[in-house]
Structures are given as structure tokens and as C-alpha cells.
Amino acid sequence: MNAAIHLPEERQAAILALLRERGRVLSAELAETWGISEDSVRRDLRELARQGLCRRVYGGALSLLTPPEALPTRIGQDEAAKQALGQAAAALVQRGQLLLLDAGSTNLAIAQALPLDHDLTVATNAPVIAAALLQRQGIRVLMIGGLAAPESGACLGARALRDLRAIRADLAFLGTCALALETGVTGFDLEEAEFKAAVAEQSTRVAVAVTAEKLDSVAFYHVLDLDRVNHLVVEAELSEERLQPYRDTGLHLHQAKRDR
């Protein structure tokens, strides 16, 4: 990073580059690096937030993700990374458990990695996940109904919430749009965010598996605070510097294995 960036436009471009790389920036750190006041940095962050390019939080800003593509498109993206996350997440499962998996391409990878000899029952509101599990002998599938949303591939609404309330899960794998220390788990669709929050309420423990771009980022609607998440599964390539703040919260952190 340059030690002296004086023009606001140059600073704002540098901030956006850092947000893409790290997910978050700190006002005090930028001010010290560039030799300017924190007030100048805060003005830059306010302008970027006004343009919808970041989300201001106490002490800095977070990357503001754009809404994801439809589920059928996402299923084929970053397949190797999601398979590694799925395997790391599936290792958390114990024999005889009732699991909750809501919609998402990473959750589909988790479903495909679940062990077949653990006498598992899986409840899901995602038809594509239910279909994948029905092809795997040894796992009972409990379908949560309702009107399926084409974009998310999830059954949502009053019927889905009513079905969900009848379930008490040992462990939920919560599909996540964005996750950060300051904002917890957030999502892009209000109705889906409500369902995800209810999934957490109906589960003894909650696990979240996130690809690198979703960590240290924020979406539109709050789902749950970070202290309600028990397990965080992340990609192998993430640095310890980036992960340590999450370890410090008491989260059980699990990294996927590196490709050989």
C-alpha cells in the first residue's frame, strides 16, 4: 500500500481494493499508513457507503456483497472449494443426529459429503438438496414444504416456517450469504433471512461454512449474531491473521484441507 495517498479519489480506490482483498478496513490503520487524519478516512468511507460500495461499522468498513446469482448457476461455481468445505463440515456430524440444511450451493456440497453409515436424518427446505440425499442410501430425508423460490432454490413462507417449528435438530448447517464479526450472519432476501433465523432457533448447535469472499462481508438483512454460531468452516487458503479475530470470540474454527 502506498504510504502517501492524498487525493480522495485515489484513497477511495485503494480502500475498495483492500476491501476486495481483506473484506474489512480499519480507519485508524489507514490513517497511520497514509499519514492523514482519521476524519479524512471516515469521509472517504462515508462517500463509499453512500455509493453502496461498502458498509460502515464501528472503527472502519466491511465489504458489501452484491446479491448472488440464482442457485442453478452457483452450483457449478468454485466446485472444488465447495467440495473441500463440504467435507470439512461433514466431519462435524455425529452418529444418530437430526440435521437441518437450508438452501445453498455450499450446503449442497455438505449434503453430498455426509457419511452414509451414521444413521442420519436430514431436514431441508431445498428440493435440490433433498433430491441429492435421496440418491444416497442410509440417510432419511425430511422435506420442509412451501412455495419454492426459483432464485434461492428454497421453500419459504408460512408453510415452511410451520413445518420447521415441528423439528428440533441436533445440528444445523446454515447457508450464509455474508458473515462478519460486527454484523454476524446476514442475507439478501428478507423472507429467507427470517427462515434462517428460525433454523438457528430450532437447532441445538449451528455451523456455518463460508467461501473466502463471504467472510468479513455484509448483506442487507440480519440473520443472527455471531455468538449464536458454534462452528465456522472456512477455506484452507485464509490466513491466520484474518482468522484470529474469529478464534478470539470462542468460535470453533475448522479449515478445509488444501488441494494436493
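Please refer to the structure higher up on the page.
Note that the coordinates shown come from a computational prediction; the quantities given were computed from them, not determined experimentally.

Definitions and limits used
- Residues numbered from 1 in each chain as written.
- Predicted model: local features only at pLDDT ≥ 70, side-chain atom pairs only at ≥ 80, totals over all residues.
- Heavy atoms only, no water.
- Helix = DSSP H or I, 4+ residues; strand = E, 2+ residues; numbered from the N terminus.
- Rg over C-alpha atoms; globule rule 2.2 N^0.38 Å.
- Buried < 20%, exposed > 50% of the residue type's maximum accessible area, 1.4 Å probe, protein only.
- Contact = heavy atoms within 4.5 Å.
- Areas by Shrake-Rupley, 256 points an atom, 1.4 Å probe, with all protein chains shown as cover.
- Lys, Arg positive; Asp, Glu negative; His and termini not counted.
- Charge placed at Lys NZ, Arg CZ, Asp CG, Glu CD.
- Pairing = 2+ DSSP bridges.
- Axes fitted to C-alpha atoms, helices over the stretch in contact; angles between N-to-C directions.
- 1 Å grid on protein atoms, 1.4 Å probe; cavity = no way out; pocket = protein on both sides within 12 Å on 5 of 7 lines; lining within 4 Å.
- Points joined across faces, edges and corners; volume = space filled by probe spheres on them.
- Nonpolar A, V, L, I, M, F, W, Y, C, P; charged D, E, K, R; others polar.
- Right-handed = clockwise from strand over helix to strand, strands pointing away.
- Salt bridge = Lys/Arg side-chain N within 4 Å of Asp/Glu carboxyl O.
- Core = buried A, V, L, I, M, F, W, Y, C linked by side-chain atoms within 4.5 Å.
- Parallel < 35°, antiparallel > 145°, perpendicular 65-115°, else oblique.
- Left-handed = near helix turned anticlockwise from the far one by under 90°.

## Considering the overall build of the protein
Within the protein one finds ten helices and 16 strands. In summary, the protein has a C-alpha radius of gyration of 19 Å against a globular reference of 18 Å for 260 residues, a match within 12%. Split into buried and exposed, the 260 residues of the protein put 52% on the buried side. The long-range fraction of contacts in the protein, counting pairs at least 24 apart against all pairs at least 6 apart in sequence, stands at 63%. Surface summary for the protein: the accessible area is close to 12,600 Å², and the carbon and sulfur share equals 49%. With 28 positive and 34 negative side-chain charges, the protein shows a spacing of 3 Å between the two charge centroids.

## Re the sheet that holds strand β5 (residues 120-124)
With parallel pairing, seven strands are arranged side by side in an open sheet as β6-β5-β4-β9-β12-β15-β16. In this open sheet, the two edge strands, each paired with only one partner strand, are β6 (139-143) and β16 (252-255). Within this sheet the neighbouring strands show an average axis-to-axis angle of 25 degrees, counted without direction. Of the pairings in the sheet, the one linking strand β12 (residues 203-209) to strand β15 (residues 231-234) comprises three bridges and is parallel in character. Residue Val-208 lies in a different strand from β15, and its bridge partner there is Leu-232. Packing against the sheet, helix α6 (residues 105-113) makes contact with β4 (98-101), β9 (169-173) and β12, and its axis sits at approximately 150 degrees to β4. Seen against the sheet, helix α9 (residues 190-201) touches β4, β9 and β12 and runs at an angle of roughly 130 degrees to β12.

## Topic: the sheet that holds strand β14 (residues 221-224)
With antiparallel pairing, three strands are arranged side by side in an open sheet as β10-β11-β14. Edge positions in the sheet fall to β10 (178-180) and β14, since each has one partner strand and no second. If you compare each strand with its neighbour and ignore which way they point, the axes differ by 35 degrees on average. With three bridges connecting them, β10 and strand β11 (residues 184-187) associate as antiparallel partners. Residue pairing for β11: Ala-178 is matched across the bridge by Thr-186.

## Considerations on the layout of surface pockets
Roughly 370 Å³ of volume is contained in the second largest pocket. Together, 15 residues line the second largest pocket, and Arg-22, Arg-24, Glu-29, Glu-241 and Arg-242 are the ones closest to its centre. Mapped onto the lining of the second largest pocket, the elements with two or more residues apiece are α1 (8-22), β1 (24-26), α2 (27-34) and α10 (240-247). Each residue belonging to the lining of the second largest pocket can be placed in one class, and the counts come to six nonpolar, two polar and seven charged.

## Here's the deal with the pairing of β15
Judged by which residues are buried, β15 turns out to be covered on both faces: His-231 and Val-233 on one side and Leu-232 and Val-234 on the other are all buried. Sheet topology note: the β15/β16 ladder contains four bridges and is parallel. Across the sheet, Leu-232 pairs through a bridge with Leu-253, a residue of β16. Following the backbone out of β15, through α10 and into the adjacent parallel β16, one traces a crossover that is right-handed.

## Points about the pattern of salt bridges
In total, this model carries 13 salt bridges according to the counting rule given. Where Asp-163 meets Arg-159, a salt bridge forms, and the shortest distance between an N and an O atom there is 3.2 Å. Of this pair, Asp-163 and Arg-159 both sit in helix α8 (residues 158-165), four residues apart, which is roughly one turn of the helix. Taken together, the salt bridges that share partners define one network made up of Arg-24, Glu-182, Asp-216 and Arg-242.

## Overview of the nonpolar core
Membership of the largest hydrophobic core comes to 65 residues, with the highest contact counts inside it found for Leu-99, Leu-100, Leu-114, Phe-173 and Leu-232. If sequence neighbours within four positions are ignored, Leu-114 has contacts with Ala-90, Val-93, Leu-99, Leu-120, Val-122, Leu-133, Arg-136 and Ile-139. One finds Ala-14, Leu-18, Leu-30 and Ile-36 within the second-largest nonpolar core, a separate group that totals 14 residues.

## Observations concerning the packing of α2 against helix α3 (residues 38-50)
Running from amino to carboxyl end, α2 crosses α3 at an angle of 120 degrees, the nearest separation of the two axes being 8 Å. Here α2 lies oblique to α3, going by the angle between them. For the crossing formed where α2 meets α3, the hand is right-handed. Judged by residue contacts, Ser-27, Ala-28, Leu-30 and Ala-31 of α2 engage Glu-38, Val-41, Arg-42 and Leu-45 from α3.

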